[in-house]
Amino acid sequence: MQDEKSLRLGFVGVRNIGLNHLRKALDLPGVAVAAVADTDPQRVAAALELVPGGKARGYDSAAALFAAPDVDAVVLALPNHLHAPLSIEAMQKGKDVLVEKPMAVNSAEARDMIRVRDETGQQLMVGMNQRFNAYNVAARKMIAAGVIGEVQQCRTRWLRDRTGLWGGARGAWCLTPEKSGGGPLMDLGIHKLDQALYLAGVWPTVEQIAGFVTTGIGRQEAAAHGAVYEIEDYACGLVRFEGGLVLTVEASYFCNLPGEVQDTTILGTEGAMLLAKGKGTLLKRTADALESVPLEPDPETATSCVEHFCRVLQGREPLIPTPEVGLQGLEIVEGIYAAAKK
Ligand SMILES: NC(=O)c1ccc[n+]([C@@H]2O[C@H](COP(=O)([O-])OP(=O)(O)OC[C@H]3O[C@@H](n4cnc5c(N)ncnc54)[C@H](O)[C@@H]3O)[C@@H](O)[C@H]2O)c1
């Protein structure tokens, strides 16, 4: 829908996930795709073709788009090292911001973003999309209602096998720590951490972190592909929170398994919640058995980050993935990397 009353969105970085966000925005009521920007002119042209009626404008820089008075809010899907500077610039230009995860390459930058959010009064949302998965939301509601008792452990992992690493499917920036902030833990693990702690329903104080990484396969394979790989192949973290909750997280770009493994288990004193891609199961302990009940997806959940962002800006619901949530995830990732270095 593109009319004068629409919320007018600008999209900066329109390749993989940026185009996904743009496509989803096209279906939202009261939302107009007003502008796109990318330093690659071919990406701009391809994105503009998706917008019906030629109603969006293209820019070759984020700054030019931020200067446009007819853009209310921006969606930033950029290499990670650009998240903080361009979110800050956008907020200072009066735009509300949805920025992809991780919200920054380190927690110091994330704190700067929160400070500018407070100074400018603009909305700042982080693209933690696990919170808009209808199975996660259904599971969260049941856990909050005490169905599995007191949550004691979370186990979560996302193990991929080389997906998009070579051949340019993803920007090469994601293989260098200065631009990515880290490897699969920063990329995939941060989503799983967010999912597990969202399901557990707490973001308590961290008491202790152990962490380990492996390296080697990526560096060896990169050379054969004319690429440079400076991040970990695999990371695992073990976190103990105040109150006793224990969390384990694993993330990998090299698992040598068919497809990928992505699952999360929340263990409580009276049962467990198992979440895998596109499904969820409640395990409920009774006196003599462990009953298994498939979860129904929650019907009221926003289906995407961009839908939630628009609902927030339209005053229809409060912001769920706040930058504070993004910061805490980054702090845990940093803690795991720091522990692994010791
Ligand atoms: N939420 C998710 O599930 C999910 C999935 C994939 C990626 N991501 C995140 O989204 C972000 C982008 O990932 P991607 O895979 O789409 O990256 P990508 O490399 O495919 O695309 C980045 C785009 O940004 C453009 N760009 C680079 N510098 C720019 C600048 N200064 N101004 C304007 N445009 C610029 C590039 O030309 C490119 O088109 C990353 O932070 C990544 O972690 C999130």
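About the criteria used
Residues numbered from 1 in each chain as written. Predicted model: local features only at pLDDT ≥ 70, side-chain atom pairs only at ≥ 80, totals over all residues. Heavy atoms only, no water. Helix = DSSP H or I, 4+ residues; strand = E, 2+ residues; numbered from the N terminus. Rg over C-alpha atoms; globule rule 2.2 N^0.38 Å. Buried < 20%, exposed > 50% of the residue type's maximum accessible area, 1.4 Å probe, protein only. Contact = heavy atoms within 4.5 Å. Near = heavy atom within 4 Å. Polar contact = N/O pair within 3.5 Å; in protein donor to acceptor, adjacent residues only side chain to side chain. Areas by Shrake-Rupley, 256 points an atom, 1.4 Å probe, with all protein chains shown as cover. Nonpolar A, V, L, I, M, F, W, Y, C, P; charged D, E, K, R; others polar. Domains from an automatic or database assignment. Phe/Tyr/Trp six-rings, centres within 6.5 Å; stacked < 30°, edge-to-face > 60°. Core = buried A, V, L, I, M, F, W, Y, C linked by side-chain atoms within 4.5 Å. Axes fitted to C-alpha atoms, helices over the stretch in contact; angles between N-to-C directions. Parallel < 35°, antiparallel > 145°, perpendicular 65-115°, else oblique. Left-handed = near helix turned anticlockwise from the far one by under 90°. Expected span 1.5 Å × (residues − 1). Pairing = 2+ DSSP bridges.

Novice: Got a sec to walk through the overall build of the protein? Specific residues and values, please.
Specialist: Broken down by element type, the protein carries 11 helices and 14 strands. Expected size for 342 residues packed as a compact globule is a radius of gyration near 20 Å; at 20 Å, the protein falls within 12% of this value. Split into buried and exposed, the 342 residues of the protein put 51% on the buried side. Sequence separation of 24 or more characterises 71% of the internal contacts of the protein that already satisfy a separation of 6 or more.

Novice: Mind laying out the site of the ligand, listing which residues take part and the relevant values?
Specialist: The environment of the ligand is formed by 22 residues, the closest being Asp38, Asn80, His83, Lys101 and Trp173. In the environment of the ligand, an oxygen atom lies 2.5 Å from a nitrogen or oxygen atom belonging to the side chain of Asp38. A distance of 2.8 Å is found between an oxygen atom of the ligand and a side-chain nitrogen or oxygen belonging to Trp173. Here the ligand has 850 Å² of accessible area as a free molecule, and 85% of this is covered by the chains. Of the residues in the shell around the ligand, the class split is seven nonpolar, nine polar and six charged. Three or more residues apiece are contributed to the shell around the ligand by two domains, here domain 1 (7-126) and domain 2 (130-301).

Novice: Could you give an account of the packing of aromatic side chains, naming the residues involved and the relevant values?
Specialist: Using the criterion set out here, one finds two aromatic pairs in the structure. Ring plane angle 70° and centroid distance 5.6 Å describe the contact between Tyr229 and Phe254, whose orientation is recorded as edge-to-face. Of the two residues, Tyr229 sits in the loop between helix H9 (217-224) and strand E9 (234-241) while Phe254 sits in the loop between strand E10 (246-252) and strand E11 (261-268), which places them 25 residues apart along the sequence. For the pair Tyr229 and Phe254, one class covers both residues: buried. By way of ring pairs, the aromatic residues Trp166, Tyr229 and Phe254 are connected into one cluster.

Novice: Account for the nonpolar core, with residues named and values stated.
Specialist: Generally speaking, nonpolar side chains in soluble globular proteins are found buried as a group. The biggest cluster of nonpolar side chains holds 61 residues, and the ones touching the most others in it are Leu65, Phe66, Leu76, Met103, Leu247, Ile266 and Met273. No other element matches helix H8 (residues 184-200), which puts nine residues into this core. Each of two domains, domain 1 (7-126) and domain 2 (130-301), supplies a minimum of three residues to this core. Setting aside residues no more than four positions away along its own chain, Leu76 makes contact with Val12, Phe66, Leu86, Ser87, Val97, Leu98, Val99 and Glu100.

Novice: Tell me about the packing of H8 against helix H11 (residues 323-341), residues and numbers included.
Specialist: The contact between H8 and H11 brings their axes to 10 Å, and the two run at 120°. In terms of orientation, H8 and H11 fall into the oblique class. Regarding H8 and H11, the two cross each other, and that crossing is right-handed. Touching Leu185, Met186, Ile190, Leu193, Asp194 and Leu197 of H8 are Val325, Gly329, Leu330, Ile332, Val333, Ile336 and Tyr337, all from H11. Tallied by class, residues from the contact of H8 with H11 come to 11 nonpolar, one polar and one charged.

Novice: Any details on the side chain of Gln195? Residues and values, ideally.
Specialist: Tracing the backbone through its elements, the reader meets Gln195 in helix H8. You can call Gln195 buried: its relative accessible area is 3%.

Novice: Give me helix H5 (residues 107-120): which residues, what numbers.
Specialist: The end-to-end C-alpha distance of H5 is 20 Å, a good match for the 20 Å that 14 residues give at a rise of 1.5 Å each. Within the sequence span of H5, burial applies to Ser107, Ala110, Met113, Ile114, Val116 and Arg117. Residues of H5 that are buried sit in contact with helix H4 (83-92), strand E5 (96-99), strand E6 (124-126) and H11. For H5, the capping residue at the N-terminal end is Asn106, with a side-chain oxygen 3.2 Å from the backbone nitrogen of Ala108. The first or second residue beyond H5 is Gly121, which carries a positive phi of 75°.

Novice: Quick one: what's the story with the pairing of E11, residue by residue and with numbers?
Specialist: Of all eight residues that make up E11, six are buried, and the element is covered over most of its length. Looking at chain direction, strand E7 (residues 151-159) and E11 are connected through eight bridges and run antiparallel. Each residue of the ladder has a partner; that of Val151, found in E11, is Gly268. What sits between the antiparallel neighbours E11 and strand E12 (residues 271-276) is a turn of two residues.

Novice: Mind laying out the sheet that holds strand E1 (residues 7-12), listing which residues take part and the relevant values?
Specialist: Strand order in the open sheet formed by six strands is E3-E2-E1-E4-E5-E6, with parallel pairing between adjacent strands. Each edge of the sheet is formed by a strand with only one pairing partner; in this case those strands are strand E3 (57-59) and E6. The mean angle between the axes of side-by-side strands here comes to 20°, regardless of whether they run parallel or antiparallel.

Novice: I'd like to hear about the sheet that holds E10, residue by residue, with values.
Specialist: Strand pairing in a sheet takes place through backbone hydrogen bonds and is either antiparallel or parallel in direction. One open sheet holds the eight strands; their spatial order is E8-E9-E10-E7-E11-E12-E13-E14, and the pairing between them is mixed. Bordering the open sheet on either side are strand E8 (206-214) and strand E14 (290-294), each of which pairs with just one other strand. Strand-to-strand twist of the sheet, defined as the mean angle between neighbouring strand axes without regard to direction, takes the value 10°. Docked against the sheet, H8 engages E7, E9, E10, E11 and E12, running at close to 150° with respect to E10.

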